[in-house]
Amino acid sequence: ETGVTQTPRHLVMGMTNKKSLKCEQHLGHNAMYWYKQSAKKPLELMFVYNFKEQTENNSVPSRFSPECPNSSHLFLHLHTLQPEDSALYLCASSHYEYNEQFFGPGTRLTVL
Amino acid sequence: AQTVTQSQPEMSVQEAETVTLSCTYDTSESDYYLFWYKQPPSRQMILVIRQEAYKQQNATENRFSVNFQKAAKSFSLKISDSQLGDAAMYFCAYRRTNDMRFGAGTRLTVKP
């Protein structure tokens, strides 16, 4: 596969469930990102990893827990989510800090 | 705080004609990057064009060009010879290191 992939593409979970989103980039990039996209709102940057180190956490609730085991993989662990967390979660990667980002197709998350 | 504003939630253009999407941003920095991203109905976000703030020349990519007015903090996207495949959500984005901000988007409809 090429580019940035995300699994699963769709996820429905209850408020007490624990689930994880996975992102993988095949572009040789060294930075990876998680975004939340809600309807009619700007994309919200959640987390940034550079060379596997978290460099940005934009006041994201602790029920979202990122993990970056290597520069190609990024996870977002979810637990005790709220219905307002329902959104499209996008993963992105980039090569250098100032370069454009390449996005995955997203995971559509619904919290019941 | 840096913000990105897209004042046109929706725009419509006739096929083969030209349309301009507006974007303004707020920053106190002099060195940054600006981007236009396109998100078709399939949801994969792709880069359309980028502009380095230190460059005075407006970026151009085939039918897509920008009008970058640094003093006015304006960054509009012009699409020439519009095609049906241009129909999508268009997002303006600002980036300086890990500070990445997106506008709320403009939905472009192309009429045959």
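In what follows, the structure referred to is the one given above.
Residues numbered from 1 in each chain as written. Chains lettered and ligands numbered in written order. Predicted model: local features only at pLDDT ≥ 70, side-chain atom pairs only at ≥ 80, totals over all residues. Heavy atoms only, no water.

In terms of helices and strands, chain B carries 0 helices and 12 strands. Starting at the N terminus and walking to the C terminus, you meet the elements of chain B as β-β-β-β-β-β-β-β-β-β-β-β. Projected onto its principal axes, the C-alpha coordinates of chain B cover approximately 40 × 25 × 20 Å. Among the 112 residues that make up chain B, the fraction classed as buried is 48%. (Helix = DSSP H or I, 4+ residues; strand = E, 2+ residues; numbered from the N terminus. Buried < 20%, exposed > 50% of the residue type's maximum accessible area, 1.4 Å probe, protein only.)

Residues and elements named next belong to chain A. Most of strand β4 (residues 31–37) is tucked away: 7 of the 7 residues are buried. The side-chain alternation of β4 yields two buried faces, one formed by Ala 31, Tyr 33, Tyr 35 and Gln 37 and the other by Met 32, Trp 34 and Lys 36. Relative to strand β5 (residues 44–50), β4 runs antiparallel, the two being bridged by 6 bridges. Following the sheet pairing, Ala 31 is matched in β5 by Asn 50. Between the end of β4 and the start of β5, which pair antiparallel, lie 6 residues, with Lys 40 showing a positive phi angle near 60°. Pairing of β4 with strand β9 (residues 87–94), which is carried by 7 bridges, proceeds in the antiparallel orientation. (Pairing = 2+ DSSP bridges.)

This part covers the environment of Lys 22 of chain A. Residue and element names in this part refer to chain A. Here Lys 22 is to be found in strand β3 (residues 18–25). On the accessibility criterion, Lys 22 (31% relative accessible area) is partly exposed. Distance from Lys 22 to His 95, taken between C-alpha atoms, is 19 Å for residues 73 residues apart in sequence. Excluding residues that lie within four positions of it along the chain, Lys 22 makes contacts with Thr 5, Gln 6, Thr 7, Trp 34, His 73, Leu 74 and Phe 75. (Contact = heavy atoms within 4.5 Å.)

Quick look at the nonpolar core now. Tyr 25, Trp 36, Phe 75, Leu 77 and Tyr 90 of chain B are the most contacted members of the largest nonpolar core, which has 25 residues in total. Those elements that provide at least two residues to this core are β3 (19–21), β5 (33–39), β6 (46–52), β8 (64–69), β9 (74–79), β10 (88–96) and β12 (106–111) of chain B. Top element by residues in this core is β10 of chain B. It accounts for 4 residues. When neighbours within four sequence positions are excluded, Phe 75 of chain B is seen to be in contact with Cys 23, Tyr 25, Leu 34, Phe 35, Trp 36, Gln 51, Val 66, Asn 67, Phe 68 and Cys 92 of chain B. Judged by nonpolar contacts, the second largest core, of 22 residues, contains Leu 21, Trp 34, Leu 81 and Ala 87 of chain A. (Core = buried A, V, L, I, M, F, W, Y, C linked by side-chain atoms within 4.5 Å.)

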